[in-house]
Amino acid sequence: MKRVKSVLTIIVVCILFVSCQKETPQKVVEKTVLKTNLLMANYGIGYFEQLKELQKNEYLKYYDNDGEEYAATFSQYLHKVTIPDLERSLRDIQNLEVNEDSKELINASIKLFEFCIGFYKKDYAEIAYMYDEGKTQQEINMIINEFEAKSFQEFKEKNLKLDEAAKVYAEKKGVSLKFV
């Protein structure tokens, strides 16, 4: 019996040791860089084109806390699916261990996510509501163009800063990273 307790203790200690391990450099890159690909793909009109496609194919849905599936409006999908996903990604990045090598990369990724979550909550919410109200595509495009004119340069700069930090980090840590 004593031997079984000793073996169980060793197993528990090993599990705790493994679970407390730092993220690998590959995981740091995945969490900080690869998740931002969605931000690029969903910038401006791209996000709403995807929502229109989901709606057309009857996949624009969300799940409530009980797991029930509901058809979603653009606004509901934005607030119940997209923004929570972005906030979850941001928390994952914020929970990474910051060290001298990863500091610039993690900070650049956090700044990009915070910037994007801000415009999803404000600008995208306004646009989604316009779709839900049945505004004309011309009216919606005008707002999207205004949004892109005021935010694209900063968005691009934050992306560039992240890319540069990622290249330095990946090279230093021997992580394969290619930008297309």
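What you see is a predicted model, and the numbers here were worked out from it, not measured in a lab.

Outline the environment of Tyr124, listing residues and values.
In this fold, Tyr124 is placed in helix H6 (residues 103–133). A residue is classified by how much of its surface remains accessible, and Tyr124, at 0% relative accessible area, is buried. As for Tyr124 and Phe74, which are separated by 50 residues in sequence, their C-alpha atoms are 9.7 Å apart. Apart from the residues lying within four places of it in its own chain, the contact partners of Tyr124 are Asn42, Tyr43, Gly44, Tyr47, Phe48, Leu78, Phe119 and Phe147.

Tell me about the packing of helix H4 (residues 45–56) against helix H5 (residues 74–94), and please be specific about residues and values.
For the pair H4 and H5, the least separation of the axes is 11 Å and the interaxial angle reads 105°. On the basis of the axis angle, H4 is roughly perpendicular to H5. Judged by residue contacts, Tyr47, Phe48, Leu51, Lys52, Leu54 and Gln55 of H4 engage Phe74, Tyr77, Leu78 and Thr82 from H5. Grouping the amino acids of the contact of H4 with H5 by side-chain chemistry returns 7 nonpolar, 2 polar and 1 charged.

Please set out the packing of aromatic side chains residue by residue, giving values where relevant.
Scanning all chains against the criterion turns up 19 aromatic pairs. Judged by centre distance (5.1 Å) and plane angle (85°), the ring pair of Tyr47 and Phe48 falls under edge-to-face. Taken together, a centroid distance of 5.3 Å and an interplanar angle of 25° make the contact between Tyr47 and Tyr124 stacked. Of this pair, Tyr47 sits in helix H4 while Tyr124 sits in helix H6, and the two are 77 residues apart along the sequence. Taken together through their ring pairs, the aromatic side chains of Tyr43, Tyr47, Phe48, Phe74, Phe115, Phe119, Tyr120, Tyr124, Tyr131, Phe147, Phe152 and Phe155 make up a single cluster. Its guanidinium or amino end placed over the ring of Phe115, Lys158 lies 5.7 Å from that ring's centre, counting from NZ or CZ.

Criteria and cut-off values
Residues numbered from 1 in each chain as written. Predicted model: local features only at pLDDT ≥ 70, side-chain atom pairs only at ≥ 80, totals over all residues. Heavy atoms only, no water. Helix = DSSP H or I, 4+ residues; strand = E, 2+ residues; numbered from the N terminus. Buried < 20%, exposed > 50% of the residue type's maximum accessible area, 1.4 Å probe, protein only. Contact = heavy atoms within 4.5 Å. Axes fitted to C-alpha atoms, helices over the stretch in contact; angles between N-to-C directions. Parallel < 35°, antiparallel > 145°, perpendicular 65-115°, else oblique. Nonpolar A, V, L, I, M, F, W, Y, C, P; charged D, E, K, R; others polar. Phe/Tyr/Trp six-rings, centres within 6.5 Å; stacked < 30°, edge-to-face > 60°. Lys NZ or Arg CZ within 6 Å of the ring centre and 35° of its normal.

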